[in-house]
Amino acid sequence: MSYSTELLKGTLKTIILKLLADNKKMYGYEMTQKVKELTFDKIQITEGALYPTLHALEADGLVTTETEWIGKRARKYYSLSPAGKAKTKEKVKELAGFIDTMISLLDIKPKMA
Amino acid sequence: MYCLSDQQIDLILTDIRSQGITTESLQNELLDHICILIERNLETDGDFRQYYSSAIKSFYRQELREIEEETSFLLTYHHHRVISRNQFFLLLSTVLIAPFIGYDLICTWMVSLSQYREWSMPEDGWSSTLVFALCPLLVLLVLFLTPDRFDPLIPQKSTILIGIKPLIKIIPTDVNLIGANPHSG
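In what follows, the accompanying structure is described.

Observations concerning the overall build of chain B
Item 1. Counting secondary structure elements, chain B contains six helices and three strands.
Item 2. When its helices and strands are written in sequence order, chain B yields α-α-α-α-β-α-α-β-β.
Item 3. Considering only contacts within chain B whose residues lie at least 6 apart along the sequence, 63% involve residues at least 24 apart.

Below is the structure:
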């Protein structure tokens, strides 16, 4: 079972920034696979959402890019800029606060480990 | 693991371009993405064309150029702020009534000064000032009592962007995206 678009709305930038914070540099396909792996296929990032968002993050100066040629193909690696590192902390903190609020609002009891 | 030939890579790139992806960087990223998918999932003796045509369809809802359009949208409006319809009307009314309020304040200040300087405002001045001061109320009445009249211009489920170049952009659809862009899911 994968989560609905409605639930994921607004979290993609945070997911990408956190992935880059944890993995230094990544390319598009790698990001989609990492998210699938970490969430046991519950979150699947579509190419149609991923690449426009990556380009927007680049335009905002939050990520930097480098291109590596593999035969006839160019592979574009993304990594966090100093501004991106600060933004990641801010976005993760904001999302964590939101999750806490939702747990409280919906009266959800956290699962015991 | 399937090994793509240079001809097959060229074919994919040509197809991506023909489907409306014009940004070179985006072409390269989609090419690399689809090539990895094929190499990792297609059997050595698998049907390249069949796998490619089904894999590329998973990239979009209706057309591949949606990705190009969305990228272009985000790059054009990434400095714009998304506001709701109500916030837009509030902003609009503030901009419209601000000059009137300013005028009224200046008049009040002048009248209070006139008491000390033995000067009084002519009677015509009072009536025109009163009419001028009532205009903001009329603006507010039109904006807030009959908001439906603006539906053709600003539909109920529209997305309004405020920024620079353009100052105001009204998109007549609801933004329903994972990162504030209007098409993807």
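Considerations on helix H2 (residues 24–41) of chain B
Item 1. For H2 of chain B, built from 18 residues, the straight-helix expectation of 26 Å at 1.5 Å per residue is met to within 8% by its first-to-last C-alpha distance of 26 Å.
Item 2. Of all the positions in H2 of chain B, only Leu26, Glu29, Leu30, Leu31, Asp32, His33, Ile34, Cys35, Ile36, Leu37 and Ile38 of chain B are classed as buried.

Side note on the sheet that holds strand S3 (residues 168–171) of chain B
Residues and elements named next belong to chain B.
Item 1. Pairing is antiparallel across the open sheet formed by three strands, whose spatial order is S1-S2-S3. Edge positions in the sheet fall to strand S1 (81–83) and S3, since each has one partner strand and no second. Neighbour-to-neighbour, the strand axes of the sheet open up by a mean angle of 30°, direction not taken into account.

Considerations on the interface of chain B and chain A
Item 1. With 26 residues of chain B in contact, the opposing surface of chain A contributes 26 residues.
Item 2. Among the secondary structure elements, those contributing two or more residues to the side of chain B that touches chain A are helix H1 (6–18), H2 and helix H4 (65–77) of chain B.
Item 3. Residue classes in the side of chain B that touches chain A are distributed as 12 nonpolar, nine polar and five charged.

Let's talk about the sheet that holds strand S3 (residues 73–80) of chain A
All names here are of chain A.
Item 1. Read from one edge of the open sheet, three strands run S1-S3-S2, paired in antiparallel fashion. The open sheet is flanked by strand S1 (25–26) and strand S2 (63–70), the only strands paired with a single partner.
Item 2. Here S1 pairs with S3 via two bridges, running antiparallel. Opposite Lys25, over in S3, you have Ser79 as the bridge partner.
Item 3. Against the sheet, helix H2 (residues 12–23) contacts S1, S2 and S3, and its axis sits at roughly 90° relative to S3.

Criteria and cut-off values
Residues numbered from 1 in each chain as written. Chains lettered and ligands numbered in written order. Predicted model: local features only at pLDDT ≥ 70, side-chain atom pairs only at ≥ 80, totals over all residues. Helix = DSSP H or I, 4+ residues; strand = E, 2+ residues; numbered from the N terminus. Contact = placed C-beta atoms within 7 Å. Expected span 1.5 Å × (residues − 1). Buried ≥ 20, exposed ≤ 12 C-beta atoms within 10 Å, placed from the backbone. Pairing = 2+ DSSP bridges. Axes fitted to C-alpha atoms, helices over the stretch in contact; angles between N-to-C directions. Nonpolar A, V, L, I, M, F, W, Y, C, P; charged D, E, K, R; others polar.

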